[in-house]
Structure formats: structure tokens, C-alpha cells
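Here's the letter readout for the chains.
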Amino acid sequence: MNRHPKLGSVDRGRVVRFVFDGREYTGHPGDTLASALLANGVRRVGTSVTHGRPRGIFAAGAEEPNAVVQIEEPFPEPMVPATMVELYDGLVASGLAGRGRLADRPDPARYDGMYAHCEVLVVGGGPAGLAAAEEAARSGVRVILADERTPAAPPGVRLLPRTTVIGYYDDNYLIAVERRSEAGTARERLWRIRAGHVVLATGAHERSIAFAGNDLPGVMLAGAARTYLTRYGVLPGRRAVVFTTNDSAYLAAEDLARAGVEIAAIVDVRPTPAPTDIEVISGNFVTEARGDGEVSSVLVGSRELEADLLLVSGGWNPVVHLFGQSGGTLRYDDDLAALVPGESPQAVTVAGAARGVFGHADCVQDGIRAARAALGQTAPEPPPTSRQHACWLVPATDYTRHFVDLQRDVTVADIHRATGAGLRSVEHVKRYTTAGTAHDQGKTSGLLTTAVMARTLGVSPADLGSTTFRAPYTPVSFAALAGRDRGDLHDPVRVTALHDWHAAHGALFENVGQWKRPWYYPGDGEDMDTAVLRECRAAREGVAAMDASTLGKIDIRGPDAAEFLDRLYTNLMSTLKVGSIRYGVLCRLDGMVFDDGTAIRLAEDHYLVTTTTGNAAAVLDWMEEWLQTEWPDLRVHCTSVTEQWATVALVGPGSRAVLAELAPDLAVDSASFPFMTWREADVAGIPARICRISFSGELAYEINVSWWYGLALWEAVMSRDVTPYGTETMHVLRAEKGYPIIGQDTDGTVTPHDLGLSWLVSKKKADFLGKRSFTRQDTARSDRKRLVGLLPATRLREGSALLADGRMVGHVTSSYLSAALGRPFALALVAGEHTTLTTLDGTPAEVTSPVFYDPEGRRRDG
Amino acid sequence: MLLIPCPWCGPRDEAEFHYGGQAHVAYPADPAALSDEEWGRYLFFRDNPAGPFAERWSHSAGCRRWFNVVRDTSTNRIVPQEANR
Amino acid sequence: MAERRSPLSGLDVELPGVTVTEVPYLTQLNVRTATPLTPPNTTRRDGDVTTVWLGPDEYLLIGPGEIATPGVDVSAHRTTIRLTGPRARDLLAHGCALDLHPSVFPPGRCAQTLFARTPIILIATEDGYLILVRSSFARHLADWLLDAGSEGTVRYGRKPFASPKGHDF
């Protein structure tokens, strides 16, 4: 075990067992998979994606490009950096060759989501972030601090621990993922945070240097090695060479030396090294890391130093990802030799290393400054940003093993090939080489790519700019994004007051918008066709009933209600008598049918209109839009009453007798209660509005009662000899009559004239919505597709293309078997005059009128 | 997720709103008097600036009121405008 | 008269820190008037009738008995869920994007908004919250609330989406 006896904060009193690549190991609570692997001497963790080269652990945090593993147990999860996996008992993982594997079983874990609001959100719990959070909380405002680990929160600060902020969106809306592991809680929680002001204290990522063999296991960022030692007590090697451009790696070298790692030498590219007791080779480069599968020696010019660990520090890049996502500009700072935040359109302040302030005391001061700026208080002068020595690349003749992007296997030679091909934009080189497009999104490689490119082109990185930073900062699972909205909760489900009855009586359900509607009610041993034919026969020959509660209902009141409807519908609604009902069609301004339904006139100034099930909200929005924005002078109010009423359609030649039994006080004969009128009466002892309308061509009634009494009404109807039917039967019955369904027989390119509904388009009205478009050149064409009927040899598939002389002239919109006709039939939208058409598979179909059944309309009076 | 200032309910998440496109495109007083081209222009043509854009929103999941804002399409900065039209 | 049934009849569940109860059969009237009945985004109580602001000229009057005001009867259009207990606000924060901190949304405040993608009217009361939800959405909303409040162990209308082994980590 490469574990220091004292250092680190893992819980040494307890042992955690895990399996990696089939071998069992142990670690401690507080370890990551990466630290536990290093502690067990595991150096090779994966294989590179393109070249199949061995790869080890390179970093200690979210920027890890190399050690990306597959979690096998407790649940398969692909492409997880070993540095971000908290070790737990029973973890089984394996190394990857650049590609993971999705789970082949349902994820048993639960996921949660929460909204949060605060005046100040601090991202990052390092010295600057902690100081900013503490300072902001002092003024009593709500402060949230999000950190990837679990720092001690200052008083008055709401800490989101083990939380990575992954997205920064408009108006200070940020998304964060919290990793949780407490038993009985959700595995991950997605936070949606709206903040008054954001302080980004996201720190800096150490960067690498491009030299030969810089991808070998055993090459590690110097700061990462120091983290493994101080946080986990892990010695990542026995004898190390340190290759640096800056002082920070000296601290790593000295800490490691004190802990017992032999430091062969510090190779400092700068001519003047920092003071240290360790041997320094200054003004020099590591020219190659050598070894068979892992580092065994390091070449410095002509000198070969024996070492199993090569620590690299090319300096530090401020983590500007979230700032970039906020819409902030980024600027290459020559002194810092890194990208630094510029201006953002949002209320955000950057503090500490995230803007290039590297000293601890300076970071604390900068955090306090940022908090005060966030609160609009007088803020102290910002501490100065640091200077860094720029060194990106060790010159060589062969650049094919100088890796820039370890995860994508992109080398300096690849960048040379891109610039050699004439590419000059960082965005183009990114796409050409794929550098920065991997799972880690170039956290350690992005600026290195730009700098190598700049060096090749003989310009400054400042001249090239940067690629765009986009969310997510780290990968996020779809399950976390879905949260609780999965399985049966994945989308709102709307049910009627009769739903339980339908379910208890074996109905299969059809989704219509968000509604669950009974589709058909199969009896014992019945398949769908048999059940639907039986239901159709009941409606045509006896009496049947359907739950029609899902139709949208809008209450329209006011002195100008009639005028309002005249402007909206294609036909006249103002001439409708109180007590009567009229069918109507709504068009968009382009003249295309948008919805249909009935208007019931309840009083001179009062209508109730129905909409199709899926369009209720859209129709109400449409009405409100015109009322509020174009016709504010009309004295009309619209109120949705869809769920105020439960509606039962009672259909068939026997429906009048059933209604008469249920409503003894209602005169049901045709003269007293004619077609397209409504009456109020008690039905089954329940106050009801009964409408004599028909969507089947049969004698029919729609009985409306309070939603609360819907089930009682339905049960009363079902206690008679009435067959329940579902949406499939409804579709067949209406198609036999040639009644179109908006959204099935229409698709937004169909006018009322195309549907054969010219009789519904008023010629008297000066204007109504869509009228002007009927005379547009395209709309007035005589060869437009029109609704026709088809009598095919065999049942057609809805959507099938229809051919005439080998040319497509239309398609099937509705297709069913008809009990009444004893054969298959269909509706179609077809251009031109034809007697027969064929489908692509050669099925012939006779073209007919769309009205197949009772064209004289005798049956609706029973 | 934009935070859109409903003039009645205050700032709310974009998810509560319907977008209504360019503002101040009035329905023609007499559509019948327009040529096909003029009517087509009213129906189908809208501005698409990179910068300030007067547009309509409806607080459909809230008070159902329509209102106008000026949104800078390059920064998403919103400046509230009058409640109607 | 026949038996009536409310959309969430029997819903009365005690979860850790929050109780979820249906308040069925309230009278609800949608009233349109240019005369302000209560300031925007607030509710007003007169005896047992609560006036809820819905829009600049639109109000919802709610009460246990008859309300003698002209308006559109929407009593059955929505049902009412009462949330009480110390964790009521926390439970709402799982699915509601509004800032419900008492400094922003104190008792007497109301909003039409979304919870779990379902349109609701939310009212802050002295002892918790009232959620008015359209009757067709009521079960989805109740199930979502109970799922969030119980980590998936309690449902009103449907079986929970459970794992074969149910292991959680």
C-alpha cells in the first residue's frame, strides 16, 4: 500500500472493499476510486481511444482526461472519471478504452430535483468562495454555497455539498448536480437555482506541457499529486521528477519529499529557479517520458533520470467555463498566460484563482471584495492577478507523441496537420482534430491546443481567441435531468371523473394530448377488431355510450359574445337561437383549419363552445390573444370550464328510450327536442344539460353534469343495457359519416373547402379570421388535395401514399374496418379527380364520397 | 431559462409563457382590400434583428394576459413595455 | 340525489413534516370585474369566502357554501389540496419554480403557476398552502407531491415506479 501513515483525511478506521478490472482491493471512506487505486499501486486505469495506449490517473478532480471508467455495480454507468467517484463498499468498476457502455437494465435509483432562490450564489468553496460566502451572509441575505466537496460552511450559509454547478443560463439561472448517497434518498439531485448575484470562485486547473510520452501512466499534474498526498495520504510514486514552469510545483515536490517520495530533480524551464533544497535543473526541458506501459525514466536533454512518477506543471488556467456560459467575454492575458474573465451581461463577479489571483491571502481578500460587489457595497481594491511563465511545448522533430488532448488522443502533430491544411480558427481546429470535444471538454487541453496552434502560426494565443464554453461543465446523466419526471410521472396524465370505471371494466387507453381516453373495451377473448366491430354495431343498432368529458369547454359571456364568435368562426354564430347548437370551424389567419367544435347558445350574451380534446388550451389562448391584442373594445370574457362538466355521449337508435327512462321530466320526442338543440333536466336525479348532437350520424345525446356527478351518471347509464365504447369506435363511426378529425385528417395545410365544408364558410360576413386567405392564389387552386373516401380491397395503413399512374397524389388519413359496410374503408387527402388509386404495395382502392353511411342523414332522428 | 417580467404577476420563468412573435403587427383594417402580396407580407414576414426587438408574450400559465417587451436578441436582456399591443 | 365524488376523495396523507389533504366540494366562482376586489397577487378573506386575484379583472371566489356573486361556476373544474406542516414549503420546492420564502410569498399571497408541469393556483395561508388544481390533473399532481414527499413510497392513484430490487444508494 502506498499510503502515508498519517497524512490525509480518509477514515482509516474503516475499510471499504471494491473491485477494479476484476481484482478486489480495499480503500477507506473518504477515498475516491482514483485515490484508492493509486494507494493500491494501480497505475494503468484505461486505454486510449484511438491509439490504444495505456493511460493512468492524470488529475485529481473534474478535469481528469484519462482515468475514465465504467461503473459496473451497483448500477452500470459509463464514462465516469475515477477522480469523481466516491469509494463505497461493493463498487465494481473497470477501465475503459475511451468508450463506455450504457446499462441494459432499468436504473433502480431515484433522482430528485429542487428549485432554490438566493440573493447570492457562491460557486466553489475554496479560500475565495468561503470568504465570499461568509462576507455575504454577514449582511443577512440568503447565501447558497455550492462545492464539489464538503467544506465547512460559514454561519448563515446554505451549503450544497458534493455539488457541481454544470450550467449557467439566462437571468442568473444555474443548474447544479448534487451527488448523494444516504440510504433511502435519491442518488442525485438536480438544483435549479435563481440567484440575484453569482460569485464564481471556481479556482484554476493546472495545465500540462506537450512533450514526448506525456501520456504515460505515471505522468501526473503536480498539484494532483499534492492533493493525493494531503487529502488522501496517498503516495502516487516512489521516485519522482518534477517538470515545471512555475513555483507551485516546488510545493508539491517538497510535500512529497517530506512524505517519503524521493525527488530525483526539479526540471524548471525558467533560467532562474525558486529556492529549494531539491536539485533543480533550470532552463531545461523534459524531452521524453520513457517506460514500457508506465514511466520508468525521464529524459532531460542527454540525462536519463530513473523515476516512476513525472509531475508536470505548465501553470494554471482559471476555470472560466461558467463565466463563459453566462455570456461573459474571455480575454487572453499575456502576463498570466491564460484566459481570464472579461465582461458578462449578467450579475456575476469572479473571485480568486478563477480570475488569476493565486495566493491564499489574496484569494480571501478577493472573495470579500466579490461579496461586497455582489451586494452593491463599497468593495476594497481587487488584489493583482499573478504572472505566469508561458511554456506550452518542448521542441522536437517528431511531435507524434506530444499529446495535447489525452482523451481524444490528439497530438501536436495533429494540430500541425490542421494548420497545414489551412485552418486558422480555433473552432475549426477543434472540429478537425476533435481536441477538446471529449468527455472532459478540454479542461486540461483547450488552451494548450490554442497555444500550440498560435506557436505554429507565429501569433499570440490572444489573436486566436477561445472556443465557446457550453453547458454542462461536467457530464450529467439524463436520469438526473429527468428527476422525478420518469416512469408514470414522466408527463402529466389527465383523467376524467369516470377513469376508474373504465380501468375496472378492462378498457385499454389511448393517449390524446395528456389525456387518457378509453380506446376500446375488449370482452373475453376479443381482439381489438372484434371489440370495435361489436361496439360499432351497438351504436348503430342498439345503444352505446362514450365518455366525452375530455372535449375542451369554454364559457363565453358578455354583450359582444355573438360578434366575437362571428369574427372567430368561419360561419355565423350570432344568428344562432338561444336553446340551439351549431357546429363551427376555426381557421388560422392562413385559412387552414385549426380546430372545430360546437357552440351552444345559453343566452343572448352567453355561449358555451367546445374544442377538440388536444386543442382546448390553444383555442382559449387564441381567443384571449384576439380579445386582448386586437379587439379590446369587445365586452367578452372567456373562461375554461373543461373540468366543470363531465360529458356522456349516449348514441344509437335506442338512446331516446334510455334517456327517457333516466330523465322522466324531459320531453324527448323529436318535435319537443329537435336535433341541434339543448335542454336542461335532471338525468338520473342529477341536474344536467343535454345536447342533441351527433358525431356518429345516429340519434345521439351528450349529457353534461357536474364533474363530481360524472361517475354517478355513467353508472346510471351503464345500469341500462348500454354498451360502453371508446375512441376507436368513435373514430370509425364518424369516418363512416365522413366527419373529419382535426389533426388526423388535417395537418395544418387543409382549408374548410378542402374538407368539403364550404357550407360552413359564411359568404355574408365581411370578415372572419382566415377569410382573406381563401382567395390567395395557392388556397384558391382547383387542384388542391381534398378529403375523399376510399373503398380498398384490403385495409390500408394510415399514412400510406396513394398513387395515380405511378405518381403520388395523396395519402390515407384514416382507415378502419366497418361493421355497417362489412368491409374496410378509408378517408384520404387526394389531389385531382380519380376513380381508383393504388398504394405503394399495389393495393387498389376505389375513390368515393367521404360519406359512406346514411348520406341522407335519416338516422340522426332515430 | 429567461426570467420574464409579467406586468401583473412579476418576474416568472420562461416556461410559464407563450411567445407571440413581433409586436406592433396590427391586423389590417380591411383585409379584403389588400393584394395577395400585401396580405402575404402581413401573414408571413417578420423582422429578425440581432439586437433590440419588440415582441409579444402571453403569461399563459399565469394571468393569461398578453404584454410586450423589448428583448435584445443578442444578450436576452429584457426591457418591459406596455401591457398590451 | 346521486352520490358525488371529488377528484381526490380520501386524500389525507401524513408524510414526514407535511400533511397532504384534499378539501373537496368548495364553491368556486370565476368573477370578471373592473372593480378591484383584492390587489394583484393577493387573496382576501371575508368571512368564509376567500377572493383570489387571478388577473387584472379576474378573480376566483372560494368558499364552503353558496356564494351570491354573479360569475362562472367553476366549483368542479378544480379541486383543492391543503399542505400543512413544517416541510410544506420544502415539498413545494421540488416542483415549483416560484420563490416561496415568506419574505417573498407570505400568507395572503397567491400565484397561478406550474407545479411539476401542471397548472395550479397556489395560495399561502397562515398554516401552509392551498393548491387549486384542475380536476383532470389532480391525480398526477397528488402522485407527484406524494412521491416527492415520501421518496416514492406513497402514491394516491397509481403504483409507484419501483425498481425490481429497490436498492437505493
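One numbering rule holds for all chains: residues counted from 1, following each sequence as written. Chains carry letters and ligands carry numbers; both start at the beginning, A for chains and 1 for ligands, and go up in the order they are written. Residue-level local features of this predicted model are given only where pLDDT is at least 70; pairs of side-chain atoms are given and counted only at 80 or more, and the full residue set underlies all totals for whole chains, interfaces and linings. Note that the side-chain values use all heavy atoms of the structure and ignore hydrogens as well as water.

**Here we look at the interface of chain A and chain C**
Rules: Contact between two residues is taken to exist if any of their heavy atoms lie within 4.5 Å; hydrogens are not considered. Throughout, buried area stands for the accessible area (probe radius 1.4 Å) lost by two parts on being put together, summed over both. When a carboxyl oxygen of Asp or Glu is within 4 Å of a side-chain nitrogen of Lys or Arg, the pair counts as a salt bridge. Any N or O atom pair separated by 3.5 Å or less is treated as a polar contact, with the protein-specific requirement of one donor-capable and one acceptor-capable atom, and with residues adjacent in sequence counted only for side-chain atom pairs.
In this assembly, 55 residues from chain A lie in contact with 52 residues from chain C. Counting each side, the surface lost to burial between chain A and chain C is near 5,000 Å², with a carbon and sulfur contribution of 54%. Two residues, C:Asp147 and A:Arg484, come together in a salt bridge whose shortest N-O distance is 2.6 Å. In this structure, the connection of chain A to chain C is made through 30 residue pairs in polar contact (both at pLDDT 80 or more).

**So, the packing of aromatic side chains**
All names here are of chain A. Under the convention used in this document: For Phe, Tyr and Trp, where Trp contributes only its six-membered ring, two rings pair if their centres lie within 6.5 Å, and the inter-plane angle classes them as stacked under 30 degrees, edge-to-face over 60, or tilted in between. Numbered from the N terminus, helices here are DSSP runs of H or I no shorter than four residues, and strands are runs of E no shorter than two. Under the scheme applied here, a residue whose accessible area is under 20% of the maximum for its type counts as buried, over 50% as exposed, and between as partly exposed, the area being computed with a 1.4 Å probe on protein chains only.
According to the stated counting rule, one finds 24 aromatic pairs over all chains in the structure shown. A ring pair is formed by Phe564 and Trp631, whose centres lie 6.1 Å apart and whose planes are at 85°; its orientation type is edge-to-face. Here Phe564 is found in helix H14 (residues 561–568), whereas its partner Trp631 is found in the loop between helix H15 (616–630) and strand E36 (637–640), with 67 residues between them in sequence. Here the two residues Phe564 and Trp631 agree in accessibility, since each one is buried. The interplanar angle of 75° and the centroid separation of 5.6 Å between the aromatic rings of Trp622 and Trp626 together place this pair among those described as edge-to-face. Here the residue Trp622 and the residue Trp626 both occupy positions in helix H15, the gap between them amounting to 4 residues, near one helical turn.

**Some details on the pairing of strand E47 (residues 844–848) of chain A**
Residues and elements named next belong to chain A. Threshold: Here, any two strands with at least 2 DSSP bridges between them count as paired.
Here strand E42 (residues 785–792) pairs with E47 via 4 bridges, running antiparallel. Looking across to E47, one finds that Pro792 is bridged to Ala845. The pairing of strand E46 (residues 836–839) with E47 spans 3 bridges and is antiparallel. Bridging from a neighbouring strand, Thr836 pairs with Glu846 of E47.

**As for empty space enclosed by the protein**
All names here are of chain A. For clarity, the cut-off: Only protein atoms enter the 1 Å grid, on which a cavity is a set of points fitting a 1.4 Å probe that cannot get out and a pocket is an open set with protein on both sides within 12 Å along at least 5 of 7 lines, lining residues being those with an atom within 4 Å of a point. Grid points are joined across faces, edges and corners, and a volume is the space filled by probe spheres set on the points. Residues were grouped as follows: Ala, Val, Leu, Ile, Met, Phe, Trp, Tyr, Cys and Pro as nonpolar; Asp, Glu, Lys and Arg as charged; and all remaining residues, including Gly, as polar.
Scanning all chains against the criterion turns up 9 cavities of 30 Å³ or more. The volume enclosed by the largest cavity comes to roughly 400 Å³. Taken together, 28 residues form the lining of the largest cavity, with Gln441, Gly442, Gly446, Thr467 and Phe469 sitting closest to its centre. Residue classes in the lining of the largest cavity are distributed as 11 nonpolar, 14 polar and 3 charged.

**Some details on the side chain of A:Arg734**
Note on placement: A:Arg734 falls in helix H18 (residues 727–736). The buried category is assigned to A:Arg734, whose relative accessible area is 0%.

**Looking at the interface of chain B and chain A**
With 27 residues of chain B in contact, the opposing surface of chain A contributes 26 residues. Carbon and sulfur atoms supply 44% of the area buried between chain B and chain A, which totals about 2,400 Å² over both sides. Across the chain B-chain A interface, the total number found is 4 salt bridges. Here A:Arg772 ties to B:Asp36 by a salt bridge, and the two come within 2.8 Å at their closest N and O atoms. Taken together, chain B and chain A are joined by 19 residue pairs in polar contact (both at pLDDT 80 or more). The element best represented in the side of chain B that touches chain A is helix H1 (residues 36–44) of chain B, accounting for 5 residues.

**What about the pattern of salt bridges?**
All names here are of chain A. Taken as a whole and assessed by the stated rule, the structure comprises 77 salt bridges over all chains. Across the pair Glu77 and Arg187 runs a salt bridge, and its minimum N-O distance is 3.2 Å. Residue Glu77 is located in strand E6 (residues 77–81), and its partner Arg187 is located in the loop between strand E12 (173–179) and strand E13 (188–200); the two are separated by 110 residues in the primary sequence. A relative accessible area of 9% means that Arg187 is categorised as buried.

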